[in-house]
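Listed here are the chains, written in short residue letters.
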Amino acid sequence: MPHRAPNRKLAVLLEATSWSAADLARAVNTLGAAQGLRLRYDRTAVAHWLKGSRPRGPVPDLVAQALSHRAGRLISAEDTGLTPPGRLPGAGMPPPGTGQEGGGGLPGLIALCSQDADPNQRAALIGTVYSPAPHTPPVWRPDPPGPGPGGEPYASADEQFLSAMVELFAGLVRAHGGAYIRSALAAHLADNAARLASVPAADGIHPPVLDHCARLVHVLASMTADAGHHGLAHRYYALALELAREAGNRASYAITLRVMSVQALGLGHVHQAHSLADSAVECAGRNDPAVLAFVLAQRGHTHAALRDGKGAMADLVGSADAHRRADSHGGAFAVYPEAGIAYRRARTLQVLQRPAEAVLAFQSSVLHRDPGQHRPYALTQARLAEALVADGQLEEACAHWHIFLDHYPYVVGSNEAGRALARMLQHARSFPRQRQAVELIERGRASSARLPRY
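As the structure is a computational prediction, the values presented were derived from the model and not from experiment.

What about helix α15 (residues 338-351)?
And then number 1: Compared with the 20 Å implied by 1.5 Å per residue over 14 residues, the 20 Å span of α15 between its first and last C-alpha is a close match.
And then number 2: Taking burial as the measure, the 14 residues of α15 include 10 buried ones, the bulk of the element.
And then number 3: Taken together, the buried positions of α15 are Ala339, Gly340, Ile341, Ala342, Tyr343, Arg344, Ala346, Arg347, Thr348 and Leu349.
And then number 4: Its buried side turned inward, α15 meets α11 (250-266), α13 (289-305), α14 (309-325), α16 (355-367) and α17 (374-390).
And then number 5: The first or second residue beyond α15 is Gln353, which carries a positive phi of 60 degrees.

Thoughts on the packing of aromatic side chains
And then number 1: By the definition in use, this model includes 4 aromatic pairs.
And then number 2: The ring of Phe294 carries Arg258 above its face, with NZ or CZ at 4.0 Å from the centroid.

Looking at the packing of helix α18 (residues 394-407) against helix α19 (residues 415-428)
And then number 1: Axis separation between α18 and α19 bottoms out at 11 Å; the angle between their running directions is 145 degrees. Here α18 runs over α19; the crossing is left-handed. Residue-level inspection shows Trp401, Phe404 and Leu405 of α18 in contact with α19, the latter providing Ala417, Ala420, Leu421, Met424 and His427.
And then number 2: A class-by-class count of the residues in the contact of α18 with α19 yields 7 nonpolar, 1 polar and no charged.

Overview of unusual backbone geometry
And then number 1: Despite not being glycine, Ser18 has its phi angle at roughly 60 degrees, a positive value.
And then number 2: Structurally, Ser18 can be placed in the loop between α1 (8-17) and α2 (21-34).
And then number 3: The class for Ser18 is exposed, based on a relative accessible area of 59%.
And then number 4: Not every positive phi belongs to a glycine, and Arg307 is a case in point at roughly 65 degrees.
And then number 5: The class for Arg307 is exposed, based on a relative accessible area of 80%.

Details of the environment of Leu162
And then number 1: As for its placement among the helices and strands, Leu162 is situated in helix α7 (residues 157-176).
And then number 2: With 54 residues separating them in the primary sequence, Leu162 and Leu216 have C-alpha atoms 7.8 Å apart.

Points about the state of the cysteines
And then number 1: The full count for this structure, using the stated rule, is 0 disulfides.
And then number 2: The cysteine Cys113 is free of any disulfide, with Cys213 supplying the nearest cysteine sulfur at 9.9 Å.

Describing the packing of α2 against helix α3 (residues 43-50)
And then number 1: Packing of α2 against α3 brings their axes to within 8 Å, and their N-to-C directions diverge by 105 degrees. Considering the angle they form, α2 stands roughly perpendicular to α3. Only Arg43, Val46 and Trp49 of α3 make contact with α2, whose side of the interface consists of Ala21, Ala22, Leu24 and Ala25.

Looking at the environment of His407
And then number 1: Note on placement: His407 falls in helix α18.
And then number 2: For His407, a relative accessible area of 12% puts it in the buried group.
And then number 3: Spatially, the C-alpha atoms of His407 and Gln381 are 9.6 Å apart, while their sequence positions differ by 26 residues.
And then number 4: Those residues in contact with His407 that sit more than four places away from it in its chain are Pro371, His374, Tyr377 and Ala378.

Observations concerning the environment of Leu257
And then number 1: With respect to the element layout, Leu257 can be found in helix α11.
And then number 2: Here the alpha-carbon distance between Leu257 and Leu241, two residues 16 residues apart in the chain, equals 7.6 Å.

Focus: the side chain of Thr224
And then number 1: As for its position among the elements, Thr224 is in helix α9 (residues 207-226).
And then number 2: You can call Thr224 buried: its relative accessible area is 0%.
And then number 3: A polar contact is formed between the side chain of Thr224 and the side chain of Arg182, at a distance of 3.1 Å.
And then number 4: Separated by 2.7 Å, the side chain of Thr224 and the backbone oxygen of Leu220 make a polar contact.
And then number 5: Once residues within four sequence positions are removed from consideration, Thr224 is found in contact with Arg182, His229, Leu232, Ala233 and Tyr236.

A few points about the confidence of the model for the chain
It should be kept in mind that the predicted coordinates are not to be read in detail where pLDDT is low.
And then number 1: Residues at a pLDDT of 70 or more form 85% of the chain, whose mean pLDDT is 84.
And then number 2: The low-confidence segment residues 86-103 (pLDDT under 50) makes 34 contacts with residues lying over four places distant or belonging to another chain.
And then number 3: Per-residue pLDDT stays below 50 along residues 148-155; that stretch engages in 5 contacts with residues further than four places along the chain or on separate chains.

Reading the values: the criteria
- Residues numbered from 1 in each chain as written.
- Predicted model: local features only at pLDDT ≥ 70, side-chain atom pairs only at ≥ 80, totals over all residues.
- Heavy atoms only, no water.
- Helix = DSSP H or I, 4+ residues; strand = E, 2+ residues; numbered from the N terminus.
- Expected span 1.5 Å × (residues − 1).
- Buried < 20%, exposed > 50% of the residue type's maximum accessible area, 1.4 Å probe, protein only.
- Contact = heavy atoms within 4.5 Å.
- Phe/Tyr/Trp six-rings, centres within 6.5 Å; stacked < 30°, edge-to-face > 60°.
- Lys NZ or Arg CZ within 6 Å of the ring centre and 35° of its normal.
- Axes fitted to C-alpha atoms, helices over the stretch in contact; angles between N-to-C directions.
- Left-handed = near helix turned anticlockwise from the far one by under 90°.
- Nonpolar A, V, L, I, M, F, W, Y, C, P; charged D, E, K, R; others polar.
- Disulfide = S-S within 2.5 Å.
- Parallel < 35°, antiparallel > 145°, perpendicular 65-115°, else oblique.
- Polar contact = N/O pair within 3.5 Å; in protein donor to acceptor, adjacent residues only side chain to side chain.
- pLDDT = per-residue confidence, 0-100.

Next up, the structure:
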């Protein structure tokens, strides 16, 4: 058996962060669970790492993330000593928005979607984990407008087709989540991006066509995140940024930055989330109140996560003011609905530990939701129930959790809905003598038993 040298890098990091082997194991398991990985590490596994063994990917990345959280600085997988010499998982992946991700724009999109659409290559892609970017957030630097078809008073056929596809797939995500249909969109993009990229260079690609491609990639990224594949989703978001930059559309760029902030916050990367949200606000500017309302609401949420109540409330006020000035008509990327404003306000108030106000905001969001959009409707019902429990209203909370369970079969493939179900069961188990809670546990367990297998 080959002799393994002790992992001094990892030992030094544990000592510097005042963590035990068990502390690190728990943190890695928690980070893995947030990304859909079922890990069962304990102090014994960490002891083996300290003696020189190396876990399989993506565990070194998760160890680096856990230690980064603890230390308050960026620690790479290479810094942990858990990767083979000369190899850093994720190394060489350029920052989003630089024009270099996957070869940039359409070529990068073709390469990534072609791999994703191939079942033989997909497993490696969806196994990658999300890692916070070791760089400052992307800055808006648009390409000069391409030549494109000139003088057309109407949208090109490509633009109309892609616009319809954006609305179709965005609607399907709202109705049923992204897990079941994301591979279909990946295949569609691989085929159609290749066709668009074959346009002779002298003709160029109409910027609105590029922008609709960016929006479709954004939708695919959201589907991928909803399926729990956060590392791959992050790569798609980066491509959406690049295409929006090439199209010269700062609104699409800001919206994608904002959703990347939502993803980072949901995975516990609070500082990364705030930095992305701040960049989104800066990019949005003041001329488009709909986009400004969208990004300010998210930045308010990140302020709250950083325990900056004053900053959080200021952004919520600014978001509400911009929303009042915005046009209420438009498609998936043109309008921030009232339900969305109320939901983000409620989430922010939850973090600020103002449960009564959060309940009112969630109730407003529910009133403005379309029950046919099962995913946002179910998730809002679940969050409202959590706010009601925090406000001491268990019976009312159980009623809303039952509504969540009514809609759960329509979004059973959604990772976010699965996490909401797990939170519901955890809350209900806190009331073992309450009949309503017991009934909820029984129904929740039955729903868990019908989870799909991929």
